[in-house]
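# An overview of the molecular structure
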Amino acid sequence: MTEEQPLLVAGSLSKSFGGVAALDNVTLEVRPGEVHCLVGENGSGKSTLIKVISGVETPDSGTITMDGQAFARLTPRQAISLGIEVIYQDFSLFPNLSVAENIAVATYVAGGQRTVRPRDLRRSAAEVVARIGVHLDLDARVEELTVADRQLTAICRALARDARVIFMDEPTTALTWREVQALFRVVQSLKESGVALVFVSHKLDEVLRVSDRITVLRNGAVTVTGDVSQFDRPAIVKAMTGMVLTDTSPADSVRSDHAPLLEVEHLGLRGLFEDVSFAVRPGEVLGVTGLLGSGRTEIAEALFGVAPADHGSVRVDGKQVRLHSVRDAIAAGIGYVPGDRLTQGVFLDQAISVNVIAGSLDRLVGRLNLLRRGKAQRMVDDAASELRIRMSSASAPVRSLSGGNQQRVVLAKWLARDPRVLILNSPTVGVDVGSKSEILDMLRAKGREGMAIVVISDDVPELVAVCHRVLVVRRGRISDELAGERLNEQAILKELAA
Amino acid sequence: MSALVPALRRLPVHRLRGSNNEGVLVLCIIVLSLVVGFSDSSFWSLPTLLNIGSASLENVVFAMAVLIIIVSGGIDVSFMAIGIFAGYGVIVMTNHTGFGASSAWVGFLLAAGIGILLGTLNAAAIAALRLPTLIVTLGTQSIIRGVLLAYVGAKVIPNYPHGLDKLSTNYLVTAHGSGGDTRLNILILPAVLICVAVSLLLRYTTLGRGIYAIGGDPESARRAGFPVFGTQVFIYVFAGLLAGIAGMMHVTQVQLANPYELVGGELDVIAAVVIGGASIFGGRGSVSGTVLGVVLIALIKNSLILLGVPGTWQRATVGLLLLVGVSAQALSVRSRRQHVDVLAEAPA
């Protein structure tokens, strides 16, 4: 299909905001039935490009051509009627309405219909669901669905409106490995029916596996575009960042002569996990992986006292600790960087400085429990320079930062407390490649300083790059431990798929 | 897991409970009737039924206005002020000018018109300026009431124009009892009609589904192509219309136009809507649940009187009921988000 007539052409699009060029003469060509991957670091212009093509933003110059018909600009309605659909990371679904209604109701609105017959609604939704061969409970409310099923609902809704090009923003971020495989099967069937998909993704391995062609953006301009066969991982990274980054192996920092810092014995929580035992020595980075729903997050939350375990014991530095609440865990020297950064990790609308010191207020107060501003300021400055947080000012809200920098703020908050044991849940999800490698470097450095680190993740290359050992959790139990020779990407993927 | 949920939904118990806990409300009403009836057998009688009907007929119309607003994700505390402004205003106007004095229809049309005008005030502030609904309606409530008392009148008016006077004694059912007659006004019929109309609107029109969509996620509604602005304008204007009609119903039924009435009674109606399963966070609620909520509150107030509980406790009881309703909602949300039993149900 290499020389097929393109379906959608964004030709020489430019767009600037307040004098800063967000898009600079960007051309993107999408052919029918292809999977096109749009990659680039945060701020490279991917979101702006999607917004311009879907009619949310007006381009300063350039054209959008769909089926040979050229437009200087589109309105959101026009874009939809031409068959251009965007599935945002939040899916834009109605949590309170049924799956059937979510899929079909937009076509009613677009068609200008005044009345809705629930039976017709359900029938047209069922047709779309059957077309891509998935199973969805049409009567369930969307809020009851898993993330993967919500995504399928959003895809079905796009198809119900006769989508011909579907843009998907970070489609695999919140999915488990197994769900990603299911998504790719749906993508395959969409391709066969001639629908083009444009993925925006950070996960380079998936990009390479699923895409036909790739376009890389950097600083608002296309650096390279072409068939996937022309690329390998380092080539994409170089095009994205302008640098050559290599995933190094874990630092040689395990102090095997020391007693373990964290010892977990027969930990269990009824119905969620049981008989979980492991130990982490100072300087060691332990990976914990498993499918979403395997219990991996629950184990971490038990260790941080969020959802305390109901049996088993935990020792920190040889001393038995009680972890009945978050306070207990912090007092024991445990820090936890949660998986859902936006809702659990930061106060989005508060200043960066407020977020950095939020976890250490007890150390920053003087007499009368008043905050010592100078000391707080030093803590913020130290964190900003150690973690290389790129910010205009420490008083700017965290919301104004990119994903990678937001994650650094979360890390800064915990590192400011100097925990003995740091648990991180999916630390690099939604983080661009450059920040990711810096975050991993930082973890290695903390390991060298003697911290015990537990990384919960399903990003396999990341686990291999940073962990000394990896535990695989399945159905709430540790099913295997990978270390040394056995610790490689293939082995982990095989364990996950088993 | 995915197979379990639909299976549960098919269970008869689950179905009886209703999507908005209607089943639970019916059960509450039955149990309450039994308990009160056993302690005072005069409870099981036609007069009780008519009393509850009379007490509910205006509140159920107010409740329809509140329901639509709550489903859309807003809240309104100005509907009672709109209601009494319309009801009292029409009496004053008709007495003064003599226009349409012979027809109750004209009175109700005028009240509806006043309701629409005052609803537009809310709509302008909420839809156009995008201000928070609670604050806006708190403000308009005070403004509307102030204007009513300052410029329209502050006296109780016992004499009605001919048409409304006739309607106020037009009874559908009369029960003769030893302690005097109990009656149910013919206005119960339009009240029922309004409920049916709102139910059809919410369930079977694109506009109605748009109200649920906006209550679910306004940004998604915009992206899906729902006319969010227009729908919000409609919601507040329509609520004003219903409030105007309900206020006129109230003034007609009590046969004494008192401008100090209604305002302050918002709690009863809001509580009824929330107990009826409407989510205070928007996106959820039904006409059947709301009607049951209104009836339950009327029943409780009636029973408290019958059981000799002082009137001062009625408000406390309704307040308590509101808290119970909200807690029940919060708990049901939490239980739906319960952790999946990983050990038993994780994918193989």
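Given the structure is predicted, the values throughout are model-derived calculations rather than measurements.

Looking now at the overall build of chain A. When you go through chain A residue by residue, the secondary structure sums to 18 helices and 20 strands. Radius of gyration (C-alpha) of chain A: 24 Å, near the 23 Å computed for a compact globule of 498 residues. Here the C-alpha coordinates of chain A stretch approximately 70 × 50 × 50 Å along the principal axes. Burial analysis of chain A (498 residues in total) assigns 50% to the buried set.

For helix 4 (residues 46–71) of chain B, the principal kink sits at S56 of chain B and spans about 35°. For helix 4 of chain B, the buried fraction is high: 21 of the 26 residues fall into the buried class.

The next thing to look at is the sheet that holds strand 10 (residues 221–227) of chain A. Residue and element names in this part refer to chain A. Overall, mixed pairing links the 6 strands, which are arranged 6-7-8-3-9-10 in an open sheet. The sheet terminates laterally at strand 6 (84–87) and strand 10, the two strands that pair on one side only. Taking each pair of neighbouring strands and ignoring which way they run, the sheet shows an average axis angle of 15°. Direction of pairing for strand 9 (residues 213–218) relative to strand 10: antiparallel, over a ladder of 6 bridges. Counterpart to T215 in the pairing with strand 10 is T225.

A few words now on the packing of helix 9 (residues 188–204) of chain B against helix 10 (residues 206–216) of chain B. All names here are of chain B. The geometry of helix 9 relative to helix 10 is characterised by a closest axis approach of 5 Å and an angle of 75° between their N-to-C directions. Considering their axes alone, helix 9 and helix 10 lie roughly perpendicular with respect to each other. Contact with helix 9, carried on its side by L201, L202, R203 and Y204, involves L207, G208 and I211 of helix 10 and no other residues of that element. In terms of residue class, the contact of helix 9 with helix 10 is made up of 5 nonpolar, 1 polar and 1 charged.

This paragraph deals with the pairing of strand 18 (residues 452–456) of chain A. Every regular strand shows the same layout, with side chains that alternate between the two sheet faces. All names here are of chain A. With 5 of 5 residues buried, strand 18 lies mostly within the body of the structure. Burial along strand 18 is two-sided: the face carrying A452, V454 and I456 and the face carrying I453 and V455 are both buried. Pairing of strand 13 (residues 285–290) with strand 18, which is carried by 4 bridges, proceeds in the parallel orientation. Bridge pairing in strand 18 places L286 opposite V454. Pairing geometry for strand 17 (residues 421–425) and strand 18, over 5 bridges, is parallel. Bridging across to strand 18, N425 finds its partner in I456.

The next point concerns the sheet that holds strand 20 (residues 477–483) of chain A. Residue and element names in this part refer to chain A. What the 6 strands build is an open sheet, ordered 16-17-18-13-19-20; its pairing is mixed. Both edges of this open sheet fall to strand 16 (334–337) and strand 20, since each of them pairs with a single strand only. Ignoring which end each strand starts from, the neighbouring axes of this sheet average 20° apart. Across the sheet, helix 16 (residues 433–448) touches strand 13, strand 17 and strand 18, and the angle it forms with strand 18 is around 150°.

Okay, unusual backbone geometry next. All names here are of chain A. Positive phi values are uncommon outside glycine, yet D67 reaches one of about 55°. One can find D67 in the loop between strand 4 (61–66) and strand 5 (69–71). D67 gets classed as partly exposed once you count the C-beta atoms within 10 Å, which come to 13. One non-glycine residue, D162, adopts positive backbone phi at about 60°. By secondary structure assignment, the location of D162 is in the loop between helix 5 (147–160) and strand 7 (165–169). Given 14 C-beta atoms within a 10 Å radius, D162 is considered partly exposed.

What counts as what
Residues numbered from 1 in each chain as written. Chains lettered and ligands numbered in written order. Predicted model: local features only at pLDDT ≥ 70, side-chain atom pairs only at ≥ 80, totals over all residues. Helix = DSSP H or I, 4+ residues; strand = E, 2+ residues; numbered from the N terminus. Rg over C-alpha atoms; globule rule 2.2 N^0.38 Å. Buried ≥ 20, exposed ≤ 12 C-beta atoms within 10 Å, placed from the backbone. Bend = angle between axes of the 7 residues up to and from the residue. Pairing = 2+ DSSP bridges. Axes fitted to C-alpha atoms, helices over the stretch in contact; angles between N-to-C directions. Parallel < 35°, antiparallel > 145°, perpendicular 65-115°, else oblique. Contact = placed C-beta atoms within 7 Å. Nonpolar A, V, L, I, M, F, W, Y, C, P; charged D, E, K, R; others polar.

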